[in-house]
Amino acid sequence: MMKKGYLLLESGQVFPGIRVGDSSSVMGEIVFNTSMTGYQEIMTDPSYAGQIMTFCYPLIGNYGINQQDNENAKIQMQGVLFSNLCELPSHYQSIKTVDQWLKQSGIPGLANIDTRAVVKAVRLSGTMKAAISDSPDFAQIDWNQPLPQDMVSQVSTDNIKVYEGSGPHVVLLDYGYKKSMLTALLDEGCKVTVVPYNTNSAAVAALHPDGVMLSNGPGDPAQLQDLFGEVKKITSSYPTLGICLGHQLIALAYGAKTGKLLFGHRGANHPVKEMVTGKVWMTSQNHSYVVAKDSVDSERFSISYLNVNDGSVEGLSHKKLPIETVQFHPEAHPGPDDTHPVFQRFIHMIKQSKGEVTHAVTY
Ligand SMILES: NC(=O)CC[C@H](N)C(=O)O
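All values derive from a computational prediction rather than experimental measurement.

Cut-off values and rules
- Residues numbered from 1 in each chain as written.
- Predicted model: local features only at pLDDT ≥ 70, side-chain atom pairs only at ≥ 80, totals over all residues.
- Near = placed C-beta within 6 Å.
- Helix = DSSP H or I, 4+ residues; strand = E, 2+ residues; numbered from the N terminus.
- Nonpolar A, V, L, I, M, F, W, Y, C, P; charged D, E, K, R; others polar.
- Buried ≥ 20, exposed ≤ 12 C-beta atoms within 10 Å, placed from the backbone.
- Pairing = 2+ DSSP bridges.
- UniProt positions renumbered as here; feature names shortened; annotations may be inferred.
- Contact = placed C-beta atoms within 7 Å.

> I'm lost on the site of the ligand in this one. Help?
The full set of residues close to the ligand is Ser 47, Asn 216, Gly 217, Pro 218, Gly 219, Cys 244, Leu 245, Asn 286, His 287, Ser 288 and Tyr 289. The dominant element in the shell around the ligand, judged by the number of residues it contributes, is strand β16 (residues 280–291), at 4 residues. For the shell around the ligand, the per-class residue count stands at 4 nonpolar, 7 polar and no charged.

> Whenever I open this one, the pairing of strand β19 (residues 323–326) confuses me. Can you help?
Sheet faces and side chains relate simply in a regular strand, where the side chains alternate between the two faces. On β19, burial covers both faces: Ile 323 and Thr 325 on one face and Glu 324 and Val 326 on the other are all buried. Across 4 bridges, strand β14 (residues 240–243) lies against β19 in parallel orientation. Its bridge partner being in β19, Ile 243 is matched across the sheet by Val 326. Relative to β19, strand β18 (residues 313–318) runs antiparallel, the two being bridged by 3 bridges. Each residue of the ladder has a partner; that of Ser 317, found in β19, is Glu 324. Two successive antiparallel strands, β18 and β19, enclose a turn made up of 4 residues.

> Any chance you could explain the UniProt feature "active site" (unreviewed entry) in the protein here in plain terms?
Look at the UniProt record and you will see "active site" (unreviewed entry) annotated at Cys 244, His 329 and Glu 331. In sequence the annotated residues extend across 88 residues, while in space they remain close, none of their C-alpha pairs exceeding 11.2 Å. Leaving out residues up to four positions away in the same chain, Cys 244 has contacts with Ser 47, Asn 216, His 287, Gln 327 and His 329. Tracing the sequence through the fold places Glu 331 in the loop between β19 and α9 (341–353). Classification of Glu 331 by C-beta neighbours within 10 Å gives buried; the count is 26. Dropping the residues within four chain positions of it, Glu 331 is found in contact with Lys 178, Ser 180, Met 181 and Ala 184.

If you want it as structure tokens, here you go:
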């Protein structure tokens, strides 16, 4: 029998639904994603740790869950909200339903939620605390309870992992990396060494990298200030690519500030303008925080990409050192991979620094 459940928002609204997945009650920060495809990739993106995620697209689960599309071994989000969740998927690669997967993973969800109304509430009040509960009683929730903190240490790897390749050696600092970032580097022939998020500059140097990449990850980048000093040392020593949280950390390490958007950018069609060419690319995004434009030291960095919708900073380029950063996700999954050349230009930058190529990067 279908069991009732409720989504409660800190702003006071209560939305009835049907319990799916695990039967636990949770609190998290409510966010929404507008992608029309890629629910398995979204649900396994570690940057959602601590959050309750709302799927705007009304039909989820139709092609089931397969063995290929996970971006991380686990679902890291606190909970998930659906409008219409498919119970009978149809796809030759499907091995289970979304509901079965959530149950096995211990993650609670709600289906039959009026997700359009939820998204309108979040757009109005911003990301806020939310709870998934068996009861609609607002007073039973301890709204003062702090949201999960220090999530990067929970989603990062504990040990070093090496992926062989014949090309440049890239050390990937793992703040909760998506598998597709690793795959993008391996597809370009790189050897990749994945290291824990708090690996210091001496330990990175001992691995003799040709370049370093700083991954995406959950939470507020400004709370990771203990890492800024080492991030600055590492990134000033090797050609660097920073993606999403990695981009934010590099900006902070060089003295810029970050702020929080009202409800963030989460979806697969966020337009960004590449400043060098004037071209607009469609990008995949998942973030709440942004680098404050006025805080960027223009002597050192140029803004390489801007968001077309709200003018926010989407990328930085160091004027002297080989450091490139992007707020969007060039690895896609889900979403368009039109910005995959970001990885190719990173590798070009590595080859330039080794003297293997002399011509300038092409756009
Ligand atoms: N995908 C990411 O790396 C997200 C970065 C950061 N947690 C934010 O929300 O802005």
